[in-house]
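The lines below spell out each chain.
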Amino acid sequence: MTNKKTIRWLFCILGIYGLAAVFIMGQSSFFAEEKVDVKTQFEAEGDGVADDTQAIQRAIDETPIGGELHIPSGIYKLTKNPDLKASTGYGDSYFALKISKPITIIMDQAIFKTESAGEYGVFWIMATADVHLKGGFLMGDKLPESGSLVSNIAVLLQDSQKSSIENVYTKNYSQGIHLHHANDNVIRNVTSEFNYGSGIINFASDYNTIESCVVRNSGDGHLSLFGGGKQNLVKGCVVMEDRKGFTDQQGITVESEKNSTIEKNTVSGFYYGIDIKNGAESNVIKGNLTYNNEFNIAVRPGDGGKNLMTPSHNISILNNLAISPRENSERGIYINVGSGHIVRGNTVEENNLILRDKGLRVKYKQENFIVTDE
């Protein structure tokens, strides 16, 4: 009897292990199907000559929800899809590719090539969540010379949340990355340069993090928080303009923004370095390095018209190094509008702390570090 019981138990144990093995193999097979390769499974060429738009869109569409699409090294030519038209309030924007479900796209060293004359961008991420773009180069053939600020957007993240764009490079678009009514997203280690408009713009969007990005040689507020967003973070970014003749640009724009933080960024080469304006409220500007700007840090009404000239209030400007403005400029920190501001612990050069209120100027001089030539 004992031997029979032992044999029965042995078969039970082997059966359990067998079921577990089948389950594990099944799971492995399931997850393997989640990973999709755009070349091997959808015949994208990646040679820079063939039009790969339809192949990549088909791969996006057929990747399971929550799955991973792998786009290996290559040059992928993309063309405009006239059916992919987004509206952002500034005009219509067309795209080559659309994402409308949770998906991760790993682009490695893949280069996406678009033609600026077609007035279209690469990715339209619309009405979804948990989309993650990683790596890759989004390249317009030249700086757009016509169209609007939204005619060529490299990536539009619209009405979407909990998504991320990381280690992506964009060049030659009207805008690099545009977050539009998109909340709780992360833009990290993105480089966006040579844009007709903003390199990165956060429009009417909340709780987003823009971190460790480089925005260079663009326009219309290189890195812009605009449209009434709140509780956003811009941290550790380098924002610069070094082209000859581009002396009227804006670096980091904080416009109509509330309760957001601009922290530990480097801003150089602009007319307005960090530009707070048009109804900005209770934002914190701290620990930034701003230099070689006409106005290193400015709190001002705005840019013309009653709708763009609302005073800003309760701006905290803390522990910034706002030195060496442009030659013949003495505007390290400039405040000429609003109330309730805190200006403390900043380093500026003598006569470079300029305030409308002379009484506050005396108080702020006592609370900041003034560098003299002596």
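The present account deals with the structure reproduced in this document.

Bringing the overall build of the protein into the picture now. When its secondary structure is counted, the protein shows three helices and 35 strands. Within the protein, the fraction of its 374 residues that count as buried is 50%. Sequence separation of at least 24 residues holds for 62% of the intrachain contacts in the protein that already meet a minimum separation of 6. Surface summary for the protein: the accessible area is close to 17,100 Å², and the carbon and sulfur share equals 53%.

This brings us to the packing of aromatic side chains. Across all of its chains, the model carries 10 aromatic pairs by this definition. Look at Phe-112 and Phe-123: their rings are 5.8 Å apart centre to centre, the planes differ by 65 degrees, and that puts the pair in the edge-to-face class. Residue Phe-112 is located in strand β7 (residues 103-114), and its partner Phe-123 is located in strand β8 (residues 121-126); the two are separated by 11 residues in the primary sequence. By relative accessible area, which is 0% here, Phe-123 ends up buried. Pairing Tyr-271 with Phe-295 gives two aromatic rings, centres 5.6 Å apart and planes at 50 degrees, and the pair type is tilted. One end of the pair, Tyr-271, is in the loop between β24 (266-268) and β25 (272-277); the other, Phe-295, is in strand β28 (residues 295-300), with 24 residues separating them in the sequence.

This part is about the pairing of β25. Counting buried residues along β25, six of its six residues qualify, which places the element largely inside the surrounding structure. Looking at chain direction, strand β22 (residues 250-255) and β25 are connected through five bridges and run parallel. The residue bridging Val-254 from the neighbouring strand is Ile-276, located in β25.

Before going further, it helps to examine the side chain of Ser-192. Within the element layout of this structure, Ser-192 appears in strand β15 (residues 191-193). The exposure class of Ser-192 is buried, given its relative accessible area of 0%. Polar contacts involving the side chain of Ser-192 include one to the side chain of Thr-170, which spans 2.8 Å. Beyond its immediate stretch of four places on either side in the chain, Ser-192 contacts Thr-170, Gly-176, Gly-199, Val-214, Val-215, Arg-216 and Ser-218.

On inspection of all chains with the given rule, the structure shows 15 salt bridges. In this structure, the salt-bridge partner of Arg-188 is Glu-211, at a minimum N-O distance of 3.2 Å. Here Arg-188, found in strand β14 (residues 186-188), pairs with Glu-211, found in strand β17 (residues 209-211); they are 23 residues apart in sequence, far enough to count as distant. For Glu-211, a relative accessible area of 23% corresponds to the partly exposed category. A salt bridge links Lys-277 to Glu-255; its shortest N-O distance comes to 4.0 Å. Placement of Lys-277 in strand β25 and of Glu-255 in strand β22 is noted, with a sequence separation of 22 residues between them. Glu-255 sits in the buried class, given a relative accessible area of 10%. Each member of the salt-bridge network shares a partner with another, and the members are Glu-255, Asp-275, Lys-277, Arg-300 and Asp-303.

On to the state of the cysteines. Tallied over the full model, the rule gives zero disulfides. No disulfide involves Cys-213; its sulfur sits 4.6 Å from the nearest other cysteine sulfur, which is in Cys-237. On the basis of relative accessibility, which here comes to 1%, the residue Cys-237 falls in the buried class.

Relative to the elements of secondary structure, Lys-98 occurs in strand β6 (residues 92-99). C-alpha separation for the pair Lys-98 and Ile-125, spaced 27 residues apart in sequence, amounts to 5.9 Å. Every residue in contact with Lys-98, bar those within four places of it in the chain, is listed here: Gln-57, Ile-60, Leu-84, Trp-124 and Met-126.

In this section: the sheet that holds β22. Strand pairing within a sheet occurs via backbone hydrogen bonds; the two strands may be parallel or antiparallel. Within the open sheet, the 12 strands sit side by side as β5-β6-β8-β10-β13-β16-β19-β22-β25-β28-β31-β34. Their pairing is mixed. Here the strands that pair on one side only, and so sit at the sheet edges, are β5 (81-87) and β34 (353-355). Along the sheet, successive strands turn relative to each other by an average axial angle of 20 degrees, direction set aside. The sheet contact formed by strand β10 (residues 153-158) and strand β13 (residues 175-180) spans five bridges and is parallel. Opposite Val-155, over in β13, you have Ile-177 as the bridge partner. Docked against the sheet, helix α2 (residues 53-62) engages β5, β6 and β8, running at close to 60 degrees with respect to β6.

Counting residues in hydrophobic clusters, the biggest one holds 69 residues, and the most contacted among them are Ile-71, Ile-105, Phe-112, Phe-123 and Leu-133. Top contributing element to this core by residue count: β7, with five residues. Once residues within four sequence positions are removed from consideration, Ile-71 is found in contact with Val-38, Ile-56, Tyr-76, Ile-105, Ile-106, Met-107, Asp-108, Ala-110 and Phe-112. Judged by nonpolar contacts, the second largest core, of seven residues, contains Leu-84, Ala-86, Phe-95 and Leu-156.

Criteria and cut-off values
- Residues numbered from 1 in each chain as written.
- Predicted model: local features only at pLDDT ≥ 70, side-chain atom pairs only at ≥ 80, totals over all residues.
- Heavy atoms only, no water.
- Helix = DSSP H or I, 4+ residues; strand = E, 2+ residues; numbered from the N terminus.
- Buried < 20%, exposed > 50% of the residue type's maximum accessible area, 1.4 Å probe, protein only.
- Contact = heavy atoms within 4.5 Å.
- Areas by Shrake-Rupley, 256 points an atom, 1.4 Å probe, with all protein chains shown as cover.
- Phe/Tyr/Trp six-rings, centres within 6.5 Å; stacked < 30°, edge-to-face > 60°.
- Pairing = 2+ DSSP bridges.
- Polar contact = N/O pair within 3.5 Å; in protein donor to acceptor, adjacent residues only side chain to side chain.
- Salt bridge = Lys/Arg side-chain N within 4 Å of Asp/Glu carboxyl O.
- Disulfide = S-S within 2.5 Å.
- Axes fitted to C-alpha atoms, helices over the stretch in contact; angles between N-to-C directions.
- Core = buried A, V, L, I, M, F, W, Y, C linked by side-chain atoms within 4.5 Å.

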